[in-house]
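# Notes for the structure review
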Amino acid sequence: MNIPNQHIDVPLLREKGVTLHIKREDTIHPQISGNKYRKLKYNLLEAQKLGHHTLLTFGGAFSNHIAAVACAGHEQGFKTIGVIRGEELQDKWQDNPTLSLAHDHGMWFHFVPRSDYRQKNEEGFLRILKEEFGYFYLLPEGGTNALAVKGCEEIVTEADSNFDYICSSVGTGGTLAGLINSAKPHQTVLGFPALKGDFLKQDILTFVRNNRWKLMTDFHFGGYAKVSEELIHFINTFKEETGVPLDPIYTGKLLFGIFELAKQDFFPKGTRILAIHTGGLQGITGMNTVLKKKNLPLLDI
């Protein structure tokens with residue numbers, strides 16, 4: 001699968017002597033884009049091998065993972081069940097673009113209180129789901145497991161060996177783990193978490209085979225799904241100047257972080273950077289509904 005690397009030629013990077021390319025994983029599939037496609041690849045093969053007909057997974061109101069599982073299940077003939085965080089969505093999911101997309105692709109929703117949702121990894125809660133829904137293939141929230149990491153190891157190829165840094169946003173850590181495992185010995189992998197805190201490090205360590213990586217934890221803008229006018233302006237300007245759309249949860253913060261590090265001369269002159277576009281663009285419409293309610297500028301679509 002030949003995914004293009006797009007050169008980003010802007011004055012700041014030229015001034016700093018840094019070369020940036022973006023691997024356009026967002027173009028991999030019209031609906032199952034970026035890292036979600038990679039994470040699902042081997043999991044769906046395993047589900048088929050084990051004779052499963054139903055996929056069950058977890059997610060919030062604007063989850064890229066929920067949308068991707070619904071679309072992948074529809075495409076490959078699986079029934080899909082989404083355990084959705086928050087009972088308040090039960091009577092108004094039709095107003096949510098992500099959940100509407102998932103429903104249109106056949107996903108059945110099971111809304112649970114946030115207190116119950118926090119038990120999603122506990123055997124007792126999973127047993128209740130099995131009693132209610134029967135035999136299903138379980139996909140964790142965000143899609144990260146060993147098979148997902150295996151799929152993400154295929155993002156970076158031999159053709160990318162000339163880069164010094166590989167940079168990616170981080171949600172549950174599976175994508176970054178795959179990148180770390182496939183990076184060459186001379187390459188450093190930088191992860192830009194969308195969540196506040198450094199707790200993801202231990203999760204990533206369970207999957208990786210080297211220590212040539214680092215989490216850059218200063219670019220989360222207050223935490224998961226938190227945005228600011230500065231970030232919105234950056235994303236809109238970036239799209240206008242380069243033609244590359246970014247989402248505000250993951251890739252927008254990733255590119256903002258890379259540019260800030262370049263300003264701070266973090267990267268030596270002559271550095272070649274490959275940033276991974278992990279998709280997630282379906283969430284822009286939903287984020288704009290939130291921004292509108294807060295009287296903030298909207299993201300260009």
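See the structure shown above.
Here we summarise the structure given alongside this text.

About the cut-offs
In this convention, every chain numbers its residues from 1, walking through the sequence in written order. Whole-chain, interface and lining totals are the exception, using all residues; otherwise, since this is a predicted model, local features are given only for residues with pLDDT of at least 70 and side-chain atom pairs are given and counted only at 80 or more. Water and hydrogen atoms play no part in the side-chain values, which are based on all heavy atoms of the structure. A run of DSSP states H or I qualifies as a helix once it reaches four residues; a run of E qualifies as a strand once it reaches two. Both are numbered from the N-terminal end. The contact rule is simple, with two residues in contact once any of their heavy atoms fall within 4.5 Å. Between rings of Phe, Tyr and Trp, where Trp is taken as its six-membered ring, a pair exists when centres lie within 6.5 Å; planes separated by under 30 degrees are stacked, by over 60 edge-to-face, and by other angles tilted. Criterion for a charge above a ring: Lys NZ or Arg CZ within 6 Å of the ring centre, and within 35 degrees of the ring normal. Points on a 1 Å grid, built from protein atoms alone, make a cavity when a 1.4 Å probe fits but cannot get out and make a pocket when they are open with protein on both sides within 12 Å along at least 5 of 7 lines; residues with an atom within 4 Å of a point are the lining residues. Grid points are joined across faces, edges and corners, and a volume is the space filled by probe spheres set on the points. Residue type decides the class: Asp, Glu, Lys and Arg count as charged, Ala, Val, Leu, Ile, Met, Phe, Trp, Tyr, Cys and Pro as nonpolar, and the leftover types, Gly among them, as polar. Think of it this way: DSSP has to see at least two bridges between two strands before they count as a pair. Here the expected length of a helix is defined as 1.5 Å per residue gap, with one fewer gap than residues. Any pair of nitrogen or oxygen atoms within 3.5 Å is treated as a polar contact; in protein, a donor-acceptor pairing is required on top of that, and neighbouring residues in sequence qualify only through side-chain atoms on both sides. Residue exposure (1.4 Å probe, protein chains only): buried if accessible area is under 20% of the type maximum, exposed if over 50%, otherwise partly exposed. The path from the first strand over the helix to the second decides the hand: if it runs clockwise while the strands point away from the viewer, the crossover is right-handed. Between N-to-C directions, angles cover 0 to 180 degrees, with each direction set by a line fitted to C-alpha atoms, over the stretch in contact for helices. Convention used here: angles under 35 degrees read as roughly parallel, angles over 145 as roughly antiparallel, angles from 65 to 115 as roughly perpendicular, and any remaining angle as oblique.

### Observations concerning the environment of phenylalanine 267
Assignment of secondary structure puts phenylalanine 267 in the loop between α11 (251-263) and β10 (272-276). Once the C-alpha coordinates of phenylalanine 267 and lysine 16 are considered, the two residues, 251 residues apart in sequence, prove to be 8.3 Å apart. Residues contacting phenylalanine 267, with those up to four places away along its chain left out, are Val18, Tyr165, Leu190, Ile258, Leu261, Ala262 and Ile273.

### Describing the packing of aromatic side chains
Per the counting criterion, the structure on display carries 14 aromatic pairs. Ring plane angle 65° and centroid distance 5.6 Å describe the contact between tryptophan 93 and phenylalanine 109, whose orientation is recorded as edge-to-face. On the criterion of sequence distance, the pair formed by tryptophan 93 in the loop between β4 (79-85) and α4 (97-104) and phenylalanine 109 in strand β5 (residues 108-112) is long-range, its members being 16 residues apart. Members of the aromatic cluster, each reached through a chain of ring pairs, are Phe221, Phe234, Phe238, Phe256 and Phe259. Residue placement shows lysine 150 over the ring face of tyrosine 42; its charged tip is 4.3 Å from the ring centre. The residue whose ring lies beneath arginine 272 is phenylalanine 163, and the NZ or CZ to ring-centre distance is 5.0 Å.

### A short note on empty space enclosed by the protein
A complete count under the given rule lists one cavity of 30 Å³ or more for this structure. Quantified by volume, the largest cavity comes out at close to 30 Å³. Taken together, Lys36, Lys39, Leu40, His65, Gly142 and Gly143 make up the lining of the largest cavity. When residues of the lining of the largest cavity are assigned to their parent elements, the largest contribution, three residues, is made by helix α2 (residues 34-49). Broken down by class, the residue content of the lining of the largest cavity amounts to one nonpolar, three polar and two charged.

### Quick word on the sheet that holds β4
With parallel pairing, four strands are arranged side by side in an open sheet as β5-β4-β3-β6. The two strands at the open ends of the sheet, each matched to only one other strand, are β5 and β6 (137-138). Across two bridges, strand β3 (residues 54-59) lies against β6 in parallel orientation. If you follow leucine 56 over to β6, its bridge partner there is leucine 138.

### Examining helix α3 (residues 64-76)
End to end, α3 covers 18 Å across 13 residues, agreeing with the expected 18 Å (1.5 Å per residue, within 8%). The secondary structure elements touched by the buried residues of α3 are α2, β3, β4, α4 and α12 (283-293). Put simply, serine 63 is the residue that caps the front of α3, since its side-chain oxygen is 3.1 Å from the backbone nitrogen of histidine 65. Backbone geometry just downstream of α3 places glycine 77 in the positive-phi region, at approximately 85°.

### What to know about the pairing of strand β7 (residues 165-170)
Of all six residues that make up β7, six are buried, and the element is covered over most of its length. Examined bridge by bridge, β7 and strand β8 (residues 188-193) share six bridges and lie parallel to one another. By the bridge assignment, valine 170 is partnered in β8 with proline 193. With helix α8 (residues 174-182) bridging β7 and the parallel β8, this β-α-β connection has right-handed handedness. The sheet contact formed by β7 and β10 spans three bridges and is parallel. Each residue of the ladder has a partner; that of isoleucine 166, found in β10, is leucine 274.

### Let's talk about the sheet that holds strand β9 (residues 213-215)
On the basis of which strands lie adjacent, the open sheet formed by six strands has the order β1-β2-β10-β7-β8-β9 and mixed pairing. Each edge of the open sheet is held by one strand with a lone partner, namely β1 (5-8) and β9. Each strand axis lies, on average, 25° off the axis of its neighbour in the sheet, ignoring direction.

### Notes on the packing of helix α10 (residues 229-242) against α11
Where α10 meets α11, the closest approach of the two axes is 10 Å, and the angle between their N-to-C directions is 90°. The pairing of α10 with α11 is recorded here as roughly perpendicular in orientation. Along its contact with α10, which presents Glu230, Leu231, Phe234, Ile235 and Phe238, the element α11 presents Gly252, Lys253, Leu255, Phe256 and Phe259. For the contact of α10 with α11, the residue count by class is seven nonpolar, one polar and two charged.

On their own, these measurements won't tell you what the molecule is for.
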